[in-house]
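Letter by letter, the chains look like this.
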Amino acid sequence: MSYLVDYHMHTTFSDGKDTYPAYLEKARKKDLAEIGFTDHITLAPVDWCVKEIDYPVMKENLKNLCADFSEDVQVRFGLEVDYFPNKEKELKEIIAQFPVDYVIGSVHFIGNWNYDTDKSLYGKWSNNELYKMYFELIQQAAKSQLFDVIGHFDLIKKFQCWPESDQTHLYEETLKVLKEADVVMELNTSGIDRPCGEFFPNKQILELAAKIGIPITLGSDAHKPEQVARHFETAIELLKSVGYSKITRFRNRQRGEIII
Ligand SMILES: [Zn+2]
Ligand SMILES: [Zn+2]
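Summarised in this report is the structure supplied together with it. (Residues numbered from 1 in each chain as written. Chains lettered and ligands numbered in written order. Predicted model: local features only at pLDDT ≥ 70, side-chain atom pairs only at ≥ 80, totals over all residues.)

Thoughts on the nonpolar core
Counting residues in each nonpolar core, the largest one holds 70 residues, and the members touching the most others are Ile-138 and Ile-150. A total of 8 residues in this core trace back to one element, the largest contributor, which is helix 4 (residues 127-143). When near neighbours in sequence (up to four residues on either side) are disregarded, Ile-138 contacts Val-107, Ile-150, Phe-153 and Thr-174. (Core = buried A, V, L, I, M, F, W, Y, C linked by C-beta atoms within 7 Å. Buried ≥ 20, exposed ≤ 12 C-beta atoms within 10 Å, placed from the backbone. Helix = DSSP H or I, 4+ residues; strand = E, 2+ residues; numbered from the N terminus. Contact = placed C-beta atoms within 7 Å.)

Considerations on helix 4
Taking 1.5 Å per residue, 17 residues should reach 24 Å; helix 4 reaches 24 Å between its end C-alpha atoms and fits that length. Restricting attention to buried positions, one finds in helix 4 the residues Leu-130, Tyr-131, Tyr-134, Phe-135, Leu-137, Ile-138, Gln-139, Ala-141 and Ala-142. Within two residues after helix 4, Gln-145 carries a phi angle of roughly 65°, on the positive side. (Expected span 1.5 Å × (residues − 1).)

Examining the packing of helix 4 against helix 5 (residues 168-181)
Running from amino to carboxyl end, helix 4 crosses helix 5 at an angle of 10°, the nearest separation of the two axes being 8 Å. Judged on the interaxial angle alone, helix 5 and helix 4 are roughly parallel. Residues Tyr-131, Lys-132, Phe-135, Ile-138, Gln-139, Ala-142 and Lys-143 of helix 4 lie in contact with helix 5, whose contacting residues are Leu-170, Thr-174, Val-177, Leu-178 and Ala-181. For the contact of helix 4 with helix 5, the per-class residue count stands at 8 nonpolar, 2 polar and 2 charged. (Axes fitted to C-alpha atoms, helices over the stretch in contact; angles between N-to-C directions. Parallel < 35°, antiparallel > 145°, perpendicular 65-115°, else oblique. Nonpolar A, V, L, I, M, F, W, Y, C, P; charged D, E, K, R; others polar.)

Looking at the pairing of strand 8 (residues 216-219)
Side-chain alternation along strand 8 places Ile-216 and Leu-218 on one buried face and Thr-217 and Gly-219 on a second face that is also buried. Note that strand 7 (residues 184-188) and strand 8 share 4 bridges and pair parallel. Bridging across to strand 8, Glu-186 finds its partner in Thr-217. (Pairing = 2+ DSSP bridges.)

Considerations on the environment of Lys-17
Residue position: Lys-17 is located in the loop between strand 1 (5-6) and helix 1 (20-29). On the basis of neighbour count, Lys-17 is assigned to the partly exposed category, with 14 C-beta atoms found within 10 Å. Excluding anything up to four places from it in sequence, Lys-17 contacts His-223 and Lys-224.

Focus on unusual backbone geometry
Trans peptide bonds make up most of the peptide bonds, and negative phi angles are found at most residues other than glycine. Cis geometry is found at the peptide bond from Phe-200 to Pro-201, where omega equals -5°. You can see Pro-201 is positioned in the loop between strand 7 and helix 6 (203-212). For Asn-86, which is not glycine, the phi torsion reads 65° and is therefore positive. Structurally, Asn-86 can be placed in the loop between strand 4 (74-82) and helix 3 (88-96). The exposure class assigned to Asn-86 is exposed, which follows from the 7 C-beta atoms found within 10 Å.

Details of helix 5
In this model, helix 5 (14 residues) spans 20 Å end to end at C-alpha, consistent with the 20 Å of a helix rising 1.5 Å per residue. What helix 5 keeps buried is the set Tyr-171, Thr-174, Leu-175 and Leu-178. Projected down its long axis, helix 5 carries its buried residues within an arc of 100°, all on one side. Residues of helix 5 that are exposed and angled more than 90 degrees away from the buried face: His-169 and Glu-180. (Arc of directions from axis to C-beta.)

Quick look at the pairing of strand 5 (residues 102-106)
With 5 of 5 residues buried, strand 5 is to be regarded as a mostly interior element. Alignment of strand 4 against strand 5, held across 5 bridges, turns out to be parallel. Among the inter-strand pairings, Leu-79 is bridged to a residue of strand 5, identified as Val-103. When strand 5 meets strand 6 (residues 149-150), the two strands line up parallel, connected through 2 bridges. From the neighbouring strand, Ile-104 faces strand 6, where its bridge partner is Val-149.

Right, here's the structure in full:
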């Protein structure tokens, strides 16, 4: 797998369990070509993001790692940034502080509700209504032009929150917005280890995305080194089976391609 990238992982700068060298060591063992560190940046008052006071030291450390070409695994400067409607200006200013190779835009909040850590509001709306609210935010995130990648496209299903009826139209509509906004979608392999038990996004959505022609990249969402490149063989098989023949790589917010 020496050609592959893992573009989504978290260190102790946010909610990950280890530091840069441990992930790099694992990436070397997995024979990856590139890894990207994407610690959480969020405007919400939570304890799982990079603290503003730590921005300069994270920036310095990661910049140095990216500049080190002595390694066989190359490091990319990524961020996973929470999208909040009407906060585009603030988000843009934060992102501009970092010499990023790419930025993943994620929706972890519906209003003030951090639905992927707090289960308390499930059941307040029908799941169909929740999907509508969630994918509306994903569409706005894509349109914001703040992000290179949309993270875990259907994370709303994490705790087995399944829609009451078929949502193909909603997926299709959202994917078309991604296409129009020229945003890359992530195949996030962590979903298999979550209660939902399937990739973010699932096969049906990947099939639609391949048909619409949305570029794809790959991330494990590792929160500890042993999760680096998890389920990547299955992921590559799945991507090929729905018609993908390449994935996207990034450097300095410019795209490249890797044939799979
Ligand atoms: Zn996330
Ligand atoms: Zn993440």
